[in-house]
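So the chains spell out like this:
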Amino acid sequence: MKTKKIFTCQNCGYQSPRWLGRCPDCNIWNSFVEEDYSPPAKKTKERVSLYKDEPVLLKEVEVKQRLRIKTDIEELDRVLGGGLVEGSVILLGGDPGIGKSTLSLQISNSLAKAGYKVLYISGEESVAQTRLRADRLIQEKIKDNLYIVSQTDLSLILEYIKKIAPNMVIIDSIQVIFEPSVSSSPGSVSQVRECAGILAQLAKSNGIVMFIIGHVTKEGSIAGPKVLEHIVDTVLYFEGDRFALYRILRAVKNRFGSTNEIGVFEMTSFGLKEVKNPSALFLSERPKGISGSTVSSILEGTRPILVEIQALVSKSSFGYARRRTQGFDYNRLGLILAVLEKRLGLVLENEDVFVNVVGGIKIEDPACDLAVAMAISSAYKDRFLIKDGLILGEIGLGGEVRSIIQPTIRIKEAEKLGFKIAILPKNNLRNLDYKGKIELIGVDNLKETFSILFS
Ligand SMILES: Nc1ncnc2c1ncn2[C@@H]1O[C@H](COP(=O)(O)OP(=O)(O)OP(=O)(O)O)[C@@H](O)[C@H]1O
Ligand SMILES: [Mg+2]
């Protein structure tokens, strides 16, 4: 029988009988790869048999309390919503070298220590390589329950899982695993989808925690992202600069918890170390007595994190003034500059303005607006602002300082780090429930803030 060919978009899985330059579904250029076409008949049959139950009344459905397995890595447990859920599938994505294998091995060890059986499928590295890493990461004796195999053939992997019957399986990584019955090459959308689908079903029916590692493409998404993200229960992204010490773990999707939480880790030669107090880390190298530096607070889920914002304003030597940001939205900076010019009369048209959020953190929280504006003003005037002061507030187009959410926990976090003063919107101050040591100053607009800080 002549095998049919089909072209599949490697980004979203869109299929077409002809090659296309641009995917009509996800608009990515040059993403089509020729694959053998396999009719989905067999799969449909399996699916039908999986959901053979008759409809029942929702109120009569019995809920078996799902077990949460604590990994003992607090930062991770929080991101997961309280631990790993039995029978769940977790996708861990991130840039090459960011520490995906390291974290997975640390989780494996934690679970093995707690008495669970773990099978680590290393498709990319040899067993010896992983052992070397384990020797570096795991100081005590490696436990008995931790199995490892270097294998990429899915049919064999399934056999191993059957034989060992583990509580958790780690697939490192999904892009190198292949199902022999699918003819396209490993890493292609068809392979990734097929393998992840089979593994997910296995996890659900046997109550195994399936931890799948996925590579991130140049564009920053997991190869075949849409297809994969639907199959799994939780999607975690490992972010951060490969050259910076710390890494941030973020849940992008979570069927068993909130997606707002982040976990902060530091990469050391003994593996990833939890950073229990990220604010202290991000403020640790704060210069003292220098203009253009302010401290504000972002909220990540339930956690306030203090961040340092730095600005530099210098005479433009080219015909046009440059604006550069790192960790802060470029358009938002444009808006703040316009408000500063209009409402405070700063002349910035011939000045280069650079804004940098220290430590590679990205801020989206509007509560940092006022701190950014004051960092720029401080740099412009070349005057040092307040010592140990926290600045909170959103800026409106009229130069007014608008209230922010959850001011109290942000102020408490600053108090923990020894801050003495907090500038915050008057509207927040009116009904603030805070009785601590920090002196609170309420402000209504930019002008008022400016005169308080530069008096
Ligand atoms: N001896 C060491 N001391 C300190 N850090 C190390 C050491 N060896 C490796 N690392 C860190 O571990 C990182 C590699 O981690 P890991 O192999 O877990 O990444 P990965 O995300 O699995 O990468 P890949 O995508 O290539 O599989 C390196 O970038 C480096 O920062
Ligand atoms: Mg790896």
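For the structure itself, look to the data block above.
Quick caveat, the model's predicted, so the values are computed rather than measured.

A. Quick look at the side chain of Ser 279. Structurally, Ser 279 can be placed in helix H8 (residues 278–283). The class for Ser 279 is buried, based on a relative accessible area of 0%. Within the structure, the side chain of Ser 279 is placed 2.9 Å from the backbone nitrogen of Leu 306, a separation counted as a polar contact. With sequence-adjacent residues up to four places away left out, Ser 279 is seen in contact with Pro 304, Ile 305, Leu 306, Glu 413 and Leu 417.

B. Main features of the site of ligand 1. Around ligand 1, a shell composed of 15 residues is seen, among which Gly 97, Lys 100, Ser 101, Thr 102 and Arg 133 lie nearest. Here an oxygen atom of ligand 1 and a backbone polar atom of Gly 97 are 2.8 Å apart. Between ligand 1 and Ile 98, the relevant distance is 3.4 Å, taken from an oxygen atom to a main-chain nitrogen or oxygen of the residue. Expressed as a share of its isolated accessible area of 650 Å², the protein-covered part of ligand 1 is 67%.

C. Broad picture of the sheet that holds strand E1 (residues 5–9). Spatial strand order, E2-E1-E3: three strands in an open sheet with antiparallel pairing. Because the sheet does not close on itself, it has two edges, and the strands there are strand E2 (15–16) and strand E3 (32–36). Relative to E2, E1 runs antiparallel, the two sharing two bridges. By the bridge assignment, Thr 8 is partnered in E2 with Gln 15. Along the sheet, helix H6 (residues 189–206) makes contact with E1, E2 and E3, crossing E1 at roughly 80°.

D. The packing of aromatic side chains, seen in detail. Inspection of every chain in the model, using the stated rule, returns three aromatic pairs. Geometrically, the ring pair formed by Phe 238 and Phe 265 is edge-to-face, given 6.2 Å between the ring centres and 85° between the ring planes. One end of the pair, Phe 238, is in strand E11 (residues 234–239); the other, Phe 265, is in strand E13 (residues 262–268), with 27 residues separating them in the sequence. Summarising the burial analysis for this pair, Phe 238 and Phe 265 share the class buried. Aromatic side chains Phe 450 and Phe 454 sit 4.4 Å apart centroid to centroid with 35° between the ring planes, which places their arrangement in the tilted category. Residue Phe 450 shares its accessibility class with Phe 454, and that shared class is buried.

E. Region of the structure containing the packing of helix H9 (residues 330–344) against helix H13 (residues 446–453). Where H9 meets H13, the closest approach of the two axes is 10 Å, and the angle between their N-to-C directions is 80°. With respect to each other, H9 and H13 are oriented roughly perpendicular. Counting all contacts with H9, which are made through Val 339, Leu 340, Arg 343 and Leu 344, the residues of H13 involved are Leu 446, Lys 447 and Phe 450.

Parameters and conventions
- Residues numbered from 1 in each chain as written.
- Chains lettered and ligands numbered in written order.
- Predicted model: local features only at pLDDT ≥ 70, side-chain atom pairs only at ≥ 80, totals over all residues.
- Heavy atoms only, no water.
- Helix = DSSP H or I, 4+ residues; strand = E, 2+ residues; numbered from the N terminus.
- Buried < 20%, exposed > 50% of the residue type's maximum accessible area, 1.4 Å probe, protein only.
- Polar contact = N/O pair within 3.5 Å; in protein donor to acceptor, adjacent residues only side chain to side chain.
- Contact = heavy atoms within 4.5 Å.
- Near = heavy atom within 4 Å.
- Areas by Shrake-Rupley, 256 points an atom, 1.4 Å probe, with all protein chains shown as cover.
- Pairing = 2+ DSSP bridges.
- Axes fitted to C-alpha atoms, helices over the stretch in contact; angles between N-to-C directions.
- Phe/Tyr/Trp six-rings, centres within 6.5 Å; stacked < 30°, edge-to-face > 60°.
- Parallel < 35°, antiparallel > 145°, perpendicular 65-115°, else oblique.

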